[in-house]
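# Examining the three-dimensional arrangement
Next come the chains, spelled out residue by residue.
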Amino acid sequence: MEYGKNLNLKQVSAKFYKYLIIGMLAGIGCSANAHAWWKSEWTLRKKFTVDTGASGVSINDPIGTTPVLIRLHDGNFQFAGAKEDGSDIRFVAEDDKTPLVYHIERYDTLMAEAFVWVKVPDVKPGARTSFWLYYGNNGNNVASVNDAKGTYDPDAVLVYHFAEHGQPPVDFTAAGNNADKAGQSVDGSMIGGGLRLDGQHLVSIPASSSLAWNDGAVMTWSAWIKAAALQSNAVLFSRREGGNAFVIGVDNGIPYVEVGSQRSGAGAPIAVNVWKHLAVVADGPKITLYLDGEVYATLDARLPTLSSPSLIGGMVVPGSTGFNGEIDELEISKTARPAGFIKFAAASQSGEQGSKLLAFTQDEQPPTGWLSGSMGMMGTLLKSVTIDGWVVIGFLSIMAVVSWYVMISKFIYLNGVEKGTAQFIHEWSHVASDLTQLDHQNAGNVESLGGRADQKLQRVMRLAPLYRIYHIGSNEIRHRLVGSDNAYKGLSVRSIQAIRASLDGGMVRESQNLNAQMVFLTITIAGGPFLGLLGTVIGVMITFAEIAATGEVNINAIAPGIAAALIATVAGLVVAIPSLFGYNYLNSQIKDLMGTMHVFIDEFVTKMAEFYPPDTE
């Protein structure tokens, strides 16, 4: 049958539109998520990546959570785009959601130089760890969130940056182990400011509970040093109490650690006027000396019991020699740091290795597309929408919800109607060849189309308007034939005309059911743009009224208001356009079903006249 072919075409068309809509929604979702941005107020960002694999600085031992030094300069940072004091700088984890703790050691816009320490959680060996630097927020309410104490874990009990001038070194950890005497400050040290040591001016660190050591305690000491000359037994750091002593020094270029009368073995000497990272890790019965992140020497000894003050640059013992050179970034921890942690610190804080370990991307700006989330153009304009505009958008939102509900529910309903119609037409094609086989005196036989349709199939066909029209015709025939002397003697011309009128009435009612709620789509199509235009006109009127009140014409002041007013028109079109497409598609489906009903009624009446001819006697 012709309308059976049309039904198959409609099913194919319905599937096409369904997959098209799903694809469009998926594309919109991907577009919205492709440009994740932390907060819209920050206009610039760049990604930093720590690479502990073969392509960076290979580190195979565990590292863990560690402070990472970020060296900012005019080659990787736009100082003109940030606030003068760097208070708008923020660091965010790779997920673009989790803020990272940091503090600024030095920020100099004139020299275009800054040193920032960022606490990066759980750095993995042999892997890449990324995080974001955000800046470019020049708002008046932006305040610095420097947190020096939070940058270091609780095991760090002393960190000196030596950035003070004429003041005692300040401890940046929560332990508060500040020095009690100022040393000779020097600019342009390893990392910002440093401390100049000459063997005469020693810096004392007062005794405290956090710096007290018990016998066999664990501890990590690290610093950057630069020897100015080769010296014999030059003391760099010392503690002495009674018969117990702990000394770190350099003997003719050979770094050593000494406990009592025991001294670590000798390795290759270091050159003068070259910065070297020196670390000492005490782990119970063994003390390990690291140079530039690699094991330099070991000492089978335990830390002695010491609770005395510490000295930087020498030792108060007659005949001792103080270190001549510079020191920077002194750190003491009450834990034995792993080898990977030591190597990472040495690599990340140095110049050459630091550039290999820490890579950065070019600056990015927030996306400005319409579907770019809160950072996009639409997000910026929405902030300028006035109350009257929001009222209009609210009404349009309600219209959008209603129209989408009608379209979705009607699509599901028509999908069921098409399936039921297809099943009925398939069964009807077998029954139409002999209409008398239905035995109209048996209602069950009529329901099952002569026993061809089981209960499951009947439930599917009940959704089809043709099935209900078929019942109208069958009931009309049975009503006229049941009780007569000859149930199949025929129908009069007037009976056939009356039955056709009943079928036409049933088709009208089915048409009303199919078109139910479609009026909401026509209202949305016609009223949405006009309602949006009303919001735009009111918004523009308010903007010009404000210009008249102030007496000044400033394009920067009126542009956001006019642009925001136009959002109402955009919203009206956004509501109306999907309804227009949905209405046309659904209306075409309904018209096809109506055509199918017309064809079926004509065929039913023809078959009825054929198998129940009028009485000619």
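Residues numbered from 1 in each chain as written. Predicted model: local features only at pLDDT ≥ 70, side-chain atom pairs only at ≥ 80, totals over all residues. Heavy atoms only, no water.

## With respect to the overall build of the protein chain
Keep this limit in mind: Numbering of helices and strands runs from the N terminus; a helix is a DSSP stretch of H or I covering at least four residues, while a strand is a stretch of E covering at least two. A 1.4 Å probe rolled over the protein chains alone gives each residue an accessible area, and that area as a share of the maximum for its type sets the label: buried under 20%, exposed over 50%, partly exposed in between. The contact criterion used throughout is that any non-hydrogen atoms of two residues lie within 4.5 Å.
Within the protein chain one finds 12 helices and 22 strands. Counting the 617 residues in the protein chain, one finds 47% classified as buried. Residue pairs in contact within the protein chain that sit at least 24 positions apart in sequence constitute 74% of those at least 6 positions apart.

## Comments concerning the environment of Ala-143
Turning to its location among the elements, Ala-143 is positioned in the loop between β6 (128–135) and α2 (148–151). Judged by its relative accessible area of 46%, Ala-143 falls in the partly exposed class. Residues Ala-143 and Ile-89, 54 residues apart in the sequence, show an inter-C-alpha distance of 9.6 Å. Non-local contacts of Ala-143, meaning those with residues more than four positions away in its chain, are made with Ser-87 and Arg-90.

## Side note on unusual backbone geometry
At Ala-112, a residue that is not glycine, the phi angle is positive and equals roughly 55 degrees. As for its position among the elements, Ala-112 is in the loop between β4 (102–108) and β5 (113–123). We note that Asp-292 has phi near 55 degrees; this positive angle belongs to a residue other than glycine. Considering the arrangement of structural elements, one finds Asp-292 in the loop between β17 (286–291) and β18 (294–299).

## Digging into helix α9 (residues 465–481)
Operational definition: To estimate the expected span of a helix, count its residues, drop one, and scale the result by 1.5 Å.
The end-to-end C-alpha distance of α9, which contains 17 residues, comes to 25 Å, matching closely the 24 Å that a straight helix rising 1.5 Å per residue would cover. Every buried residue of α9 is accounted for by Pro-465, Leu-466, Tyr-467, Ile-469, Tyr-470, His-471, Gly-473, Ser-474, Ile-477 and Leu-481.

## What about the sheet that holds strand β1 (residues 44–51)?
Put simply, the test is: For two strands to count as paired, DSSP must find a minimum of two bridges between them. The angle between two axes is taken between their N-to-C directions and runs from 0 to 180 degrees, where each axis is a line fitted to C-alpha atoms and a helix contributes only its stretch in contact.
Here four strands make up an open sheet; going across it, the order is β3-β6-β1-β22 and the pairing antiparallel. Each having just a single partner strand, β3 (90–93) and β22 (358–360) make up the two edges of the open sheet. Pairs of neighbouring strands in the sheet enclose a mean axial angle of 30 degrees, with direction left out of account. Direction of pairing for β1 relative to β6: antiparallel, over a ladder of eight bridges. Its bridge partner lying in β6, Asp-51 is registered against Arg-128.

## A look at the confidence of the model for the protein chain
What counts, and what does not: Scored from 0 to 100, pLDDT reflects the predictor's confidence in each residue.
Per-residue pLDDT for the protein chain averages 85, and the proportion of residues at 70 or more is 86%. Counting interchain partners and residues more than four positions distant, the pLDDT-below-50 stretch residues 1–14 has 24 contacts. Within the model, the stretch residues 370–375 combines pLDDT values under 50 with 18 contacts to residues more than four positions away or in other chains.

## Quick look at the packing of α9 against helix α10 (residues 493–514)
Applied cut-off: What sets the label is the angle itself: under 35 degrees gives roughly parallel, over 145 gives roughly antiparallel, 65 to 115 gives roughly perpendicular, and the rest give oblique. For a crossing to be left-handed, the near helix must be turned anticlockwise from the far one by less than a right angle; the clockwise case is right-handed. Residue polarity is assigned by list, with Asp, Glu, Lys and Arg as charged and Ala, Val, Leu, Ile, Met, Phe, Trp, Tyr, Cys and Pro as nonpolar; anything else, Gly included, falls into the polar class.
Between α9 and α10, the shortest axis-to-axis distance is 9 Å and the interhelical angle comes to 155 degrees. On the basis of their axis angle, the class for α9 and α10 is roughly antiparallel. The interaxial crossing formed by α9 with α10 has right-handed handedness. Between α9 and α10, the contacting residues are Pro-465, Arg-468, Ile-469, Ile-472, Gly-473, Glu-476, Ile-477 and Arg-480 on the first element and Ser-495, Ala-498, Ile-499, Ser-502, Leu-503, Gly-506, Met-507, Arg-509 and Glu-510 on the second. Each residue belonging to the contact of α9 with α10 can be placed in one class, and the counts come to eight nonpolar, four polar and five charged.

## Description of the pattern of salt bridges
Defined as follows: By definition, a salt bridge exists where a carboxyl oxygen of Asp or Glu is found within 4 Å of a side-chain nitrogen of Lys or Arg.
For the coordinates displayed, the defined rule picks out 16 salt bridges. In this structure, the salt-bridge partner of Glu-113 is Arg-106, at a minimum N-O distance of 3.3 Å. Taking the relative accessible area as the measure of exposure, Glu-113 reaches 27% and is therefore partly exposed. Bridged by salt links that share partners, the residues Arg-45, Asp-96 and Glu-364 form one connected network.

## A word on the environment of Leu-414
Relative to the assigned elements, Leu-414 resides in helix α6 (residues 387–431). For Leu-414, a relative accessible area of 3% puts it in the buried group. Apart from residues no more than four positions distant in its own chain, Leu-414 is found in contact with Leu-514, Leu-586, Gln-589, Ile-590 and Leu-593.

## A word on the side chain of Thr-52
The criterion, for reference: Pairing of N or O atoms within 3.5 Å defines a polar contact, subject to two protein rules: one partner must be a possible hydrogen donor and the other a possible acceptor, and residues neighboring in sequence count only if both atoms are side-chain atoms.
Locating Thr-52 in the fold gives a position in the loop between β1 and β2 (64–73). Among the polar contacts made by the side chain of Thr-52, one reaches the main-chain carbonyl oxygen of Lys-124 at a distance of 2.7 Å. Setting aside anything within four residues of it in sequence, one finds Thr-52 in contact with Val-57, Ser-58, Ile-59, Ile-63, Val-123, Lys-124, Pro-125, Gly-126, Ala-127, Phe-344 and Leu-357.

## Structural notes on a nonpolar patch on the surface
Convention followed: Residues enter a patch when their relative accessible area is above 30% and they make no salt bridge; the linking distance is 9 Å between like charges and 5 Å between nonpolar side chains (Val, Leu, Ile, Met, Phe, Trp, Tyr). Areas reported as accessible are Shrake-Rupley estimates using a 1.4 Å probe. Residue values count occlusion only from the protein chains shown.
A cluster of nonpolar side chains, Ile-387, Val-391, Phe-395, Ile-398, Val-402, Val-519, Phe-520 and Ile-523, forms an exposed patch at the surface whose accessible area comes to about 770 Å². Mapped by element, the contributors of at least two residues to the nonpolar patch are α6 and α11 (518–550). Of all the elements, α6 adds the most residues to the nonpolar patch, at five residues. For Ile-523, the location among the structural elements is in helix α11. Owing to a relative accessible area of 48%, Ile-523 belongs among the partly exposed residues under this scheme.

## Overview of the packing of α6 against α9
Here α6 crosses α9 at 50 degrees, and the two axes come no closer than 7 Å. Taken as axis vectors, α6 and α9 run oblique relative to one another. Residues Tyr-413, Val-417, Thr-421, Phe-424, Ile-425 and Trp-428 of α6 form the contact with α9, whose own contacting residues are Pro-465, Leu-466, Tyr-467, Arg-468 and Tyr-470. Of the residues in the contact of α6 with α9, the class split is nine nonpolar, one polar and one charged.

## Side note on the packing of aromatic side chains
The relative placement of two aromatic rings is captured by the distance of their centres and the angle of their planes. We apply this condition: Working definition: a ring pair exists when centres of Phe, Tyr or Trp rings (six-membered ring for Trp) sit within 6.5 Å. Plane angles under 30 degrees give stacked, over 60 give edge-to-face, the rest tilted.
Per the stated rule, a full pass over the model turns up 17 aromatic pairs. An angle of 15 degrees between the planes, with centres 5.9 Å apart, marks the rings of Phe-48 and Phe-131 as stacked. Taken together, the residues Phe-48 in strand β1 and Phe-131 in strand β6 connect sequence positions 83 residues apart. Residue classification places Phe-48 among the buried residues on the basis of a relative accessible area of 2%.

## Notes on the pairing of β17
Within β17, five of the six residues are buried, leaving the element largely enclosed by the surrounding structure. Following strand β16 (residues 276–283), the chain reverses through two residues before pairing antiparallel with β17; Gly-284 in that reversal takes a positive phi of roughly 75 degrees. As judged from the five bridges shared by β17 and β18, these two strands associate in the antiparallel manner. Following the sheet pairing, Ile-287 is matched in β18 by Leu-299.

## Side note on the sheet that holds β2
Taken in spatial order, the three strands make up an open sheet running β2-β5-β4, and their pairing is antiparallel. The open sheet terminates on both sides in strands that have one partner only, identified here as β2 and β4. Here the strands of the sheet are splayed against their neighbours by 20 degrees on average, with no regard to which way each runs. Note: β4 against β5, six bridges, orientation antiparallel. Of the residues in β5, the one forming a bridge with Tyr-107 is Ala-114. Along the sheet face, helix α3 (residues 339–349) touches β2 and β5 and points at about 5 degrees away from the line of β2.

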